[in-house]
Amino acid sequence: MANKPTLLFVDDEERILKSLKIMFKSRYRVLTTTDGNEAIEMAKNEKIHVVVSDQRMPIMTGTEVLRGIKDASPNTMRLLLTGYSDLAAIVGSVNEGEIFRYINKPWDNDEIKSIVARATDIALKAETLPDKAEQKQDAITSELDVLVIDKDEQTLHLAEEILKDTNRVHWSQNLEDAFKMLSEHHNIAVIISEIKVGSEDISNPLKLLKQYHPNTLTLVVTSFQDTNALIQLINQGQIFRFLPKPLAKGMLERGIRDALWRYNFLQQVPQAVERHEVEPTKEEDTKTISSKIFGYLKKLKR
């Protein structure tokens, strides 16, 4: 057992925990608990490679559990497992728990095994990374730029106000111009984007961008509340933050600063980019993307 990777499952239903333990115990050391506080203590006291938490639990939500484990053990890969498409849970799982995947109940056995296996591989590799713990840096290089993709000028003005003394802000009001800017300005580290810009739904291009250029961090700012679309943006686009409109300056500032810091970290420890690995985009989703956008994406690929 000592040589097996460790999984932690958190769910208030014992039958769920028993099913998961049976499924995974042959390849992993499996820990289970119905108590979110106990899960966080486990993460403080021993090495846990992957945690899978249910969302709706009576004492502590899954989002709160994953946030606590993130603070206690940043290298633990975090997955949210739930039968409810709850907008607040989805947003919290990204903004607070920075999850790797959102898994729906009832789960598909092959799918959950595959996701856990990949998350475990990434966690094991993290053990060999250079000793540069994810600690906040006070200074963010001014050489990094930010791109706003939104017809709403308020988003631009807030970003400019936040970054006026530090970083350059670019602005695009349509998809093609945005990706042209990305291909021309290679120091764009953070994108602040609406999901719909005018009549254009840019979810699929944002997903593909993460495949071609995984270091780029995306903050989605929107009043859009399609939970299935947001889940896809987590799993296929590894969105860094979801921020609801109307935007609060404080939340946007924290999101931008965190994203710029994370970009710096990934430049220093490029192996860590695997933590932002995405599911492949479905073929039917790529058919809506123009050849020009694909051309710009290929220029970005590293």
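Predicted, not measured: the structure shown is a model, and the values here were computed from it.

Novice: Is there a simple way to think about the pairing of strand β5 (residues 101-104) in this case?
Specialist: Residues in a regular strand point their side chains to alternate faces of the sheet. Examined bridge by bridge, strand β4 (residues 77-82) and β5 share four bridges and lie parallel to one another. Looking at β5, one finds that Leu81 is bridged to Ile103. Following the backbone out of β4, through helix α4 (residues 87-95) and into the adjacent parallel β5, one traces a crossover that is right-handed.

Novice: Explanation requested: the nonpolar core in the structure shown.
Specialist: It is characteristic of soluble globular proteins that their nonpolar side chains tend to be buried jointly. Ranked by internal contacts, the top residues of the largest apolar core, which has 47 residues, are Leu8, Ile69, Leu147, Phe179, Leu182, Phe242 and Leu297. Top element by residues in this core is helix α7 (residues 175-184). It accounts for five residues. Residues within four places of Leu182 in sequence aside, it is in contact with Leu147, Ile188, Ile191, Leu209 and Leu300. Core analysis: the second largest hydrophobic core is formed by 29 residues, Leu156, Leu163, Leu217 and Leu252 among them.

Novice: How do you make sense of the pattern of salt bridges when you look at a structure like this?
Specialist: Side-chain pairs of opposite charge can arise whenever the charged atoms involved come near each other. A full pass over the atoms with the stated rule returns 19 salt bridges. In this structure, Glu127 engages Lys47 in a salt bridge whose closest nitrogen and oxygen atoms are separated by 3.5 Å. Of this pair, Glu127 sits in the loop between α5 (109-126) and β6 (145-149) while Lys47 sits in the loop between α2 (36-45) and β3 (50-54), and the two are 80 residues apart along the sequence. Take Glu127: its relative accessible area is 41%, and that puts it in the partly exposed class. In this structure, the salt-bridge partner of Glu96 is Arg67, at a minimum N-O distance of 2.5 Å. Of this pair, Glu96 sits in the loop between α4 and β5 while Arg67 sits in helix α3 (residues 62-72), and the two are 29 residues apart along the sequence. Residues joined in a network through salt bridges with shared partners are Glu98, Arg241, Asp258 and Arg262.

Novice: Help me understand the side chain of Arg262 in this model?
Specialist: Here Arg262 shows up in helix α10 (residues 249-268). By relative accessible area, which is 8% here, Arg262 ends up buried. For Arg262, the side chain forms a polar contact with the side chain of Glu98, separated by 2.7 Å.

Novice: Got a minute to help me understand unusual backbone geometry in this structure?
Specialist: Glycine aside, residues mostly have negative phi angles, and peptide bonds mostly take the trans form. A cis amide bond links Lys105 to the next residue, Pro106, at an omega of -10°. On the secondary structure map, Pro106 appears in the loop between β5 and α5. Residue Pro246 is bonded to the preceding Lys245 through a cis peptide linkage, with omega at 0°. Locating Pro246 in the fold gives a position in the loop between β12 (241-244) and α10. Positioned with a positive phi, Glu98 is a non-glycine residue whose angle comes to about 45°. Phi at Gln238 is positive, roughly 45°, even though this residue is not glycine. Along the polypeptide, Gln238 turns up in the loop between α9 (227-237) and β12. On the basis of relative accessible area, Gln238 is assigned to the buried category, the value being 7%.

Rules used throughout
- Residues numbered from 1 in each chain as written.
- Predicted model: local features only at pLDDT ≥ 70, side-chain atom pairs only at ≥ 80, totals over all residues.
- Heavy atoms only, no water.
- Pairing = 2+ DSSP bridges.
- Helix = DSSP H or I, 4+ residues; strand = E, 2+ residues; numbered from the N terminus.
- Right-handed = clockwise from strand over helix to strand, strands pointing away.
- Core = buried A, V, L, I, M, F, W, Y, C linked by side-chain atoms within 4.5 Å.
- Buried < 20%, exposed > 50% of the residue type's maximum accessible area, 1.4 Å probe, protein only.
- Contact = heavy atoms within 4.5 Å.
- Salt bridge = Lys/Arg side-chain N within 4 Å of Asp/Glu carboxyl O.
- Polar contact = N/O pair within 3.5 Å; in protein donor to acceptor, adjacent residues only side chain to side chain.

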